[in-house]
Amino acid sequence: MNSFGSSTPRAGVPVGAVRRRAVVDALRRGAVPESGLDLLATGLGRFEQAIDEELDTVAAGGSVFKAVRGEYGSGKTFFTRWLCERAKRRSFAVAEVQVSETETPLHKLETVYRRLTERLTTPSFPPSALRPVADAWFYALEEDALADGAAESDLPQAVERLLTARLAEVSRQAPAFATALRGYKQSLDAGDEATAAAVMAWLGGQPHVAAAARRSAGVRGDLDHFGAFGFLQGLLTMLKDAGHGGLVLVLDEVETLQRVRSDARDKALNALRQLIDEVHSGRFPGLYLVITGTPAFYDGQQGVQRLPPLAQRLATDFTTDPRFDNPRAVQIRLPGFTEESLTALGATIRDLYADGVSTPDSAERIKRLADDAYLADLARAVGGALGGRVGVAPRLYLKKLVGDVLDRIDQFDDFDPRAHYTLTLGSGDLTATERNLAAPPAATSADDLDLDL
């Protein structure tokens, strides 16, 4: 079993041309598709029940923390985007944040919150969906006020009372959140779009908002580390009242913490520990928090093990057969690819591609020339070029399959990949990790050196 894709059966289900094209185009670029991941229908069935139960818990007002563990190429980004798609079908909002020492340092939670709001997506709105969420929340308050018997003339006062009541818990920790929302609404009602937009930017954690806009809204300064917790609470409250199931927040590539200065690393690990504790304490009802990392991050002394309290919170037994891993555990393992599962994935992509070509003859030619035997040969070739590490090959394999093989079969009637194509890997094809794997092993003795004499 591999970790790439959903187990949702697709047989007989028509696939729209736009969705198919979006998936194929992303794979051609060597990227994980942003959507349409259910079309790649192999292998995540083991996680579906546990994920759905956890999403139900969050939608009912609970909160969940999940750590995803996998080597490079095992499908961590795919898994989290698949989870986010599943959540959006349940009316959740989602946000994927890349942890980075320079752009998004984990120990500065105000930066994480800012990236969250920049990447916030709902089933109806692309990033950033913060302002549509706020507008939907005010509309919901108005509807609730009218349902409670408020007259049109008294509506502003009734909305103000509801705003105060709904954000009472948030205001104990971050009173500026409710204050800024009032300022935003007042600017809108006054027709001052520039000020409304500036106040919304401040609510999203953006720095350097014009002082005049902040004064107009009654707030001052920029968001700090501790205020970010309160603002996250406020965002979750708005999402719930606006009809969303909750928020799935993905902190991707947390293993990059291993490469930062030791003082920054220690602060980041402690911030992660603090965030996990807040989730488990119930401070963030409606939050599903996911982190991703490599086994070295979870097990190594430069990662989680550096902070014993964090290691205890993430401790999960992976000494048993992977078949018996517990999908409900706080940390779950993605097993990565084998040559067999990579070939099966290639067959899924080939069939998806063939279903979208213009003529039946083209579809037949694609399936005949890129048959399962050829897909297996290509999987072996890509894995061999990466030092025999098939488990890290899917990104490159799919990029070569779509861009170098399937596109050419589709466009050139006389193209035969066995006769006219040889796998080549240029430096531009490879990520830094893939480049290291493709490099020849270093010489360990004089006998290993190949001298041209």
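Because the structure is predicted, anything quoted here is derived from the model rather than measured. (Residues numbered from 1 in each chain as written. Predicted model: local features only at pLDDT ≥ 70, side-chain atom pairs only at ≥ 80, totals over all residues. Heavy atoms only, no water.)

1. Overview of the confidence of the model for the chain
For residues with low pLDDT, the predicted coordinates do not support detailed interpretation. Across the chain, the average pLDDT comes to 88, with 89% of residues at 70 or higher. Ignoring residues within four places in sequence, the model shows residues 441–453, a span with pLDDT below 50, making two contacts including any to other chains. (pLDDT = per-residue confidence, 0-100. Contact = heavy atoms within 4.5 Å.)

2. Some details on the pairing of strand E2 (residues 93–98)
Burial analysis of E2 places five of its six residues in the buried class, which makes it a mostly covered element. Relative to strand E3 (residues 247–252), E2 runs parallel, the two being bridged by six bridges. Counted as the bridge partner of Gln98 is Asp252 from E3. (Buried < 20%, exposed > 50% of the residue type's maximum accessible area, 1.4 Å probe, protein only. Helix = DSSP H or I, 4+ residues; strand = E, 2+ residues; numbered from the N terminus. Pairing = 2+ DSSP bridges.)

3. Looking at the packing of helix H5 (residues 130–147) against helix H11 (residues 225–241)
Relative to each other, H5 and H11 sit at 60°, their axes nearing to 8 Å. By the angle class used here, H5 and H11 are oblique. Our pair here, H5 against H11, has a crossing hand that is left-handed. Mapping the contact onto sequence places Leu130, Val133, Ala134, Trp137 and Ala140 in H5 and Leu235, Thr237, Met238, Leu239 and Asp241 in H11. Across the contact of H5 with H11, the residue classes tally to eight nonpolar, one polar and one charged. (Axes fitted to C-alpha atoms, helices over the stretch in contact; angles between N-to-C directions. Parallel < 35°, antiparallel > 145°, perpendicular 65-115°, else oblique. Left-handed = near helix turned anticlockwise from the far one by under 90°. Nonpolar A, V, L, I, M, F, W, Y, C, P; charged D, E, K, R; others polar.)

4. Considerations on the environment of Val68
Note on placement: Val68 falls in strand E1 (residues 64–69). Here the alpha-carbon distance between Val68 and Thr80, two residues twelve residues apart in the chain, equals 8.5 Å. Among all residues touching Val68, those that are not within four sequence positions of it are Lys76, Phe79, Val290, Ile291, Thr292, Gly293, Tyr298, Ile332 and Leu334.

5. A look at the environment of Met238
Structurally, Met238 can be placed in helix H11. Along the sequence, Met238 and Arg166 sit 72 residues apart, while their C-alpha atoms lie 8.8 Å from each other. With residues near it in sequence (within four places) discarded, Met238 still touches Leu130, Val133, Ala134, Trp137, Phe177 and Leu181.

6. A short note on the side chain of Gln233
Here Gln233 shows up in helix H11. Contact partners of Gln233, with chain neighbours within four places excluded, come to Glu169, Val170, Gln173, Arg283 and Phe284.

7. Side note on the side chain of His225
If you trace the backbone, His225 turns up in helix H11. Its relative accessible area of 15% is what places His225 among the buried residues. Reaching out from His225, the side chain makes a polar contact with the backbone oxygen of His107 at a distance of 3.1 Å. Discounting chain neighbours no more than four positions away, the residues touching His225 are His107, Lys108, Leu109, Glu110, Ala271 and Gln274. (Polar contact = N/O pair within 3.5 Å; in protein donor to acceptor, adjacent residues only side chain to side chain.)

8. Considerations on the packing of aromatic side chains
The description of two aromatic rings rests on the distance between their centres and on the angle between their planes. A complete count under the given rule lists nine aromatic pairs for this structure. Aromatic side chains Trp202 and Phe231 sit 5.6 Å apart centroid to centroid with 65° between the ring planes, which places their arrangement in the edge-to-face category. You can see Trp202 sitting in helix H9 (residues 193–203) and its partner Phe231 sitting in helix H11, a full 29 residues away along the chain. For the residue pair Trp202 and Phe231, the accessibility class agrees, reading buried in each case. The positively charged end of Lys185 is found above the aromatic ring belonging to Phe138, 5.8 Å away from the centroid. (Phe/Tyr/Trp six-rings, centres within 6.5 Å; stacked < 30°, edge-to-face > 60°. Lys NZ or Arg CZ within 6 Å of the ring centre and 35° of its normal.)

9. Quick word on the sheet that holds E2
If you trace the five strands from one edge of the open sheet to the other, you get E2-E3-E4-E1-E5, paired in parallel fashion. Both edges of this open sheet fall to E2 and strand E5 (331–333), since each of them pairs with a single strand only. With strand direction ignored, the average angle separating the axes of adjacent strands in the sheet is 20°. Two strands pair when backbone bridges link them, and E3 and strand E4 (residues 287–293) are joined in this way by five bridges, in the parallel orientation. Paired with Leu251 across the strands is Ile291, a residue of E4.

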